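Close look at the chain arrangement
These are the residues of each chain, in order.
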Amino acid sequence: MLSIYQTHANGQLLPSETLAHNSLIHLVNPTEEEINVLVNELHLPLDFFHSVLDRHERPRIERDDNGTLIILNVPVTAANAEDLTAPPYHTVPLGIIHGRDHLIIVSREPLTVVDEVLTGQYGDFYSHMKTRISLLLFKAVSESYEDHLALINAQVSQLQKKLRASYKNTELFALINLNKSLVFFSTALSAMTILYQRLTLGDTFKIHEDEKQRLESILVDLEQSAEVIEMRRESLSNLMDAYATIIHNNLNAVLKMLTTLAIVMIIPTMIGSIFSMNVALPGEEDPVSTVIIASSMVLISVMLLIVFYRKKYLRM
């Protein structure tokens, strides 16, 4: 989908039908025809667009005589994030192309961070302010990582409550998938930190002093997020090891209880088997012997239950 925006005289960003000077262009999962139109009109390399549409593309900067490509990785929520059978969060590339007279934003899928920037939630701008729009996108992406990390922390807390009494590996696999999401985030943030550090040097495009301070502030936020995610990864790894042991202990407790109940039942079963054999036994013709044997079986069972209960063999 190709969308073109222009800032009108009243400062409002509105859609435009034509590709005018200083336009802001937003491409979402573009067709080859839409890409070719921009390549021909703006004289940009075709590889700029194909690189952004590669789902495995990492953050980097690429320069050409007619423009500069900046690729970021944006965290997104997977469609099946609730069941945690796969990594619930991953990253997708976001391309920011600085043309001579235009700014192009490219992504494989609709991204909330782009919509929030375009609607002015991160600050006002005009369509010709390529550097300011880029910085606003940087800020939105940085905060998006913080928001997704908060979601992961909430899901980990829920899983911790379930794992305390769990006998299965379902919750443990959910933690593994959350840890995979943190790996995606950590990898992306490491590359983006290097990219932002390079941008602060001002070699890629001209940055004014106030914009440079804004970029340095965003870089600090990004580095803090990277540190928190790395700490969370280590904590989650230790947590998985601990809860794997807890699940093992819970299962052992169940097996201990079942073994204890089997011992309690086996004694009366042996007595009943002996006296039900088709051979002559002492007192077999006495009706009272049946009552005595049955009472003995019950008494032995009760005594065993009391002994095992006191030794905590029948407690979880």
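Taking an unreviewed UniProt entry as the reference, the chain is identified by name as Magnesium transport protein CorA belonging to Wohlfahrtiimonas chitiniclastica SH04. Recorded in UniProt for the chain, the comment headed Subcellular location (unreviewed entry) runs: "Membrane". We quote the UniProt Sequence similarities (unreviewed entry) comment for the chain here in full: "Belongs to the CorA metal ion transporter (MIT) (TC 1.A.35) family."

Moving on to the sheet that holds strand S6 (residues 89-99). Strands sit in the order S2-S1-S3-S7-S6-S5-S4 across an open sheet of 7 strands; the sheet is mixed. Only two strands of the sheet have a single neighbouring strand rather than two, namely strand S2 (13-16) and strand S4 (60-64). Across the sheet, the mean angle separating the axes of adjacent strands is 25° when strand polarity is ignored. Where S4 meets strand S5 (residues 67-77), 5 bridges bridge the pair, whose relative direction is antiparallel. From the neighbouring strand, Asp64 faces S5, where its bridge partner is Gly67.

Our focus in this paragraph is the packing of aromatic side chains. Scanning the entire structure with this criterion turns up 2 aromatic pairs. Aromatic side chains Phe138 and Tyr196 sit 4.8 Å apart centroid to centroid with 35° between the ring planes, which places their arrangement in the tilted category. Of the two residues, Phe138 is situated in helix H4 (residues 130-163) and Tyr196 in helix H5 (residues 170-200); the sequence distance between them amounts to 58 residues. For the pair shown, Phe138 and Tyr196 are each scored as buried. Seen in terms of ring centroids, Tyr145 and Phe185 are 5.4 Å apart; in terms of plane orientation they differ by 85°. Their pairing is edge-to-face. With Tyr145 in helix H4 and Phe185 in helix H5, the pair connects residues that are 40 residues apart, well separated along the chain. Note on accessibility: Tyr145 and Phe185 belong to one class, buried.

Another aspect to go through is the environment of Gln121. Tracing the sequence through the fold places Gln121 in the loop between helix H3 (112-118) and H4. In the structure, Gln121 is positioned 15 residues away from Leu136 in sequence and 9.4 Å away in space, judged by C-alpha atoms. Of note is the side chain of Gln121, whose polar atom sits 3.5 Å from the side chain of Thr119.

A surface patch of nonpolar side chains, amounting to about 420 Å² of accessible area, comprises Leu251, Leu255, Leu258, Leu261 and Leu305. The greatest single-element share of the nonpolar patch, amounting to 4 residues, is contributed by helix H6 (residues 209-275). Within the secondary structure, Leu305 sits in helix H7 (residues 287-310).

Turning to the pattern of salt bridges, a few remarks are in order. Taken as a whole, this structure holds 5 salt bridges when the rule is applied. Here Glu62 makes a salt bridge to Arg60, at a shortest N to O gap of 2.7 Å. The exposure class assigned to Glu62 is partly exposed, which follows from its relative accessible area of 26%. Close ionic contact of Glu230 with Arg233 constitutes a salt bridge, the shortest N to O distance being 3.5 Å. Highlighted residues: Glu230 and Arg233, both in helix H6, separated by 3 residues, approximately one helical turn.

All right, on to H7 then. Look at H7: 36 Å from first C-alpha to last across 24 residues, which is about the 34 Å you get at 1.5 Å a residue. All of the buried residues along H7 are Ser289, Ile293, Ser301 and Phe308.

Here Tyr309 shows up in helix H7. With 49 residues separating them along the chain, Tyr309 and Thr260 place their C-alpha atoms 9.5 Å apart.

The rules we used
Per chain, residues are indexed from 1 in the order of the written sequence. Per-residue local features are limited, in this predicted model, to residues with pLDDT of at least 70; the limit for side-chain atom pairs, both in listing and counting, is 80 or more; totals at the level of whole chains, interfaces and linings are taken over all residues. To get the side-chain values, take all heavy atoms of the structure and skip hydrogens and water. UniProt positions are given in the numbering used here, feature names are shortened, and annotations may be inferred rather than shown by experiment. One bridge is not enough; two strands pair if DSSP finds at least two bridges between them. Each helix corresponds to a stretch of at least 4 residues labelled H or I by DSSP, and each strand to a stretch of at least 2 residues labelled E; elements are numbered beginning at the N terminus. Angles shown run from 0 to 180 degrees and are taken between the N-to-C directions of axes, each axis being a line fitted to C-alpha atoms and, for helices, limited to the stretch in contact. Centres within 6.5 Å are what make two rings of Phe, Tyr or Trp a pair, Trp counting through its six-membered ring; a difference in plane orientation under 30 degrees is then read as stacked, over 60 as edge-to-face, and the rest as tilted. Buried, partly exposed and exposed residues are distinguished by accessible area as a fraction of the type maximum, computed with a 1.4 Å probe on protein chains only: under 20%, between the cut-offs, and over 50%, respectively. Pairs of N or O atoms within 3.5 Å make up the polar contacts considered here, provided that, within protein, one atom can donate a hydrogen while the other can accept it, and that residues adjacent in sequence are counted only when both atoms are side-chain atoms. To count toward a patch, a residue needs a relative accessible area over 30% and no salt bridge; like charges are then connected within 9 Å, while nonpolar side chains (Val, Leu, Ile, Met, Phe, Trp, Tyr) are connected within 5 Å. In short, Shrake-Rupley with a 1.4 Å probe defines the accessible areas, and a residue's cover is counted only from the protein chains shown. A pair is scored as a salt bridge if a Lys or Arg side-chain nitrogen falls within 4 Å of a carboxyl oxygen belonging to Asp or Glu. Helices are assigned an expected span. That span is 1.5 Å times one less than the residue count.

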